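Commentary on secondary and tertiary structure
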Amino acid sequence: RGPVGLITLNRPKALNALSPTLVRELVQEVKRFDADPEIGAIVVTGSGDKAFAAGADIKAMQPLSYMDMHKARLFGELDELSSVRTPIIAAVNGFALGGGCELAMTCDFILAADTAKFG
């Protein structure tokens, strides 16, 4: 899409819930776009019209103990977004809950549809 890198969280059946795999892939794509001198901005959005991201994927966390999650820094990779130099824009449609709201707030700008709900 020209000088804009577009990343779509694509788990509509799970309301784009953030799994460790999704977070890892998101951070990799953001870094790839950041390294490309042709990219002037990065847009992160959710697939479907119900949710940007409805928080952490509880199913992925269910078998883990608190200590397992703490040691693994389960979603700690999102911290890496703060070192990205290319502006990141969260295009929020529908729910942005828990970790999804945090992801949106990690971005440099938030563009919220009339249907956006944060919490």
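Owing to the predicted nature of the structure, the values given are computational and were not obtained by experimental measurement.

1. Examining the packing of aromatic side chains
One pass over the full model with this rule turns up zero aromatic pairs. Note that Arg32 overlies the ring of Phe33, its terminal NZ or CZ placed 4.7 Å from the centroid.

2. Let's talk about the pattern of salt bridges
In total, this model carries two salt bridges according to the counting rule given. Note that Glu29 and Arg32 form a salt bridge whose closest N and O atoms lie 2.7 Å from each other. Taken together, the residues span about one helical turn, with Glu29 and Arg32 both in helix α1 (residues 20-35) at a distance of three residues. Across the pair Glu80 and Lys31 runs a salt bridge, and its minimum N-O distance is 2.2 Å. Placement of Glu80 in the loop between α3 (66-72) and β4 (88-92) and of Lys31 in helix α1 is noted, with a sequence separation of 49 residues between them.

3. Some thoughts on the sheet that holds strand β6 (residues 109-112)
Pairing is parallel across the open sheet formed by four strands, whose spatial order is β1-β2-β4-β6. Among the strands making up the open sheet, the edge pair consists of β1 (4-9) and β6. Direction aside, the axes of adjacent strands within the sheet are offset by 20° on average. Where α1 meets the sheet, it contacts β1, β2 (41-46) and β4, and its direction lies at approximately 175° from that of β1.

4. Thoughts on helix α4 (residues 99-106)
Among the residues of α4, Gly100, Cys101, Leu103 and Ala104 are the ones counted as buried. The buried side chains of α4 occupy one side of the element, clustering within an arc of 155° when seen end-on. Across from the buried face of α4, at angles greater than 90 degrees, the exposed residues are Glu102 and Met105.

Rules used in this analysis
- Residues numbered from 1 in each chain as written.
- Predicted model: local features only at pLDDT ≥ 70, side-chain atom pairs only at ≥ 80, totals over all residues.
- Heavy atoms only, no water.
- Phe/Tyr/Trp six-rings, centres within 6.5 Å; stacked < 30°, edge-to-face > 60°.
- Lys NZ or Arg CZ within 6 Å of the ring centre and 35° of its normal.
- Salt bridge = Lys/Arg side-chain N within 4 Å of Asp/Glu carboxyl O.
- Helix = DSSP H or I, 4+ residues; strand = E, 2+ residues; numbered from the N terminus.
- Pairing = 2+ DSSP bridges.
- Axes fitted to C-alpha atoms, helices over the stretch in contact; angles between N-to-C directions.
- Contact = heavy atoms within 4.5 Å.
- Buried < 20%, exposed > 50% of the residue type's maximum accessible area, 1.4 Å probe, protein only.
- Arc of directions from axis to C-beta.

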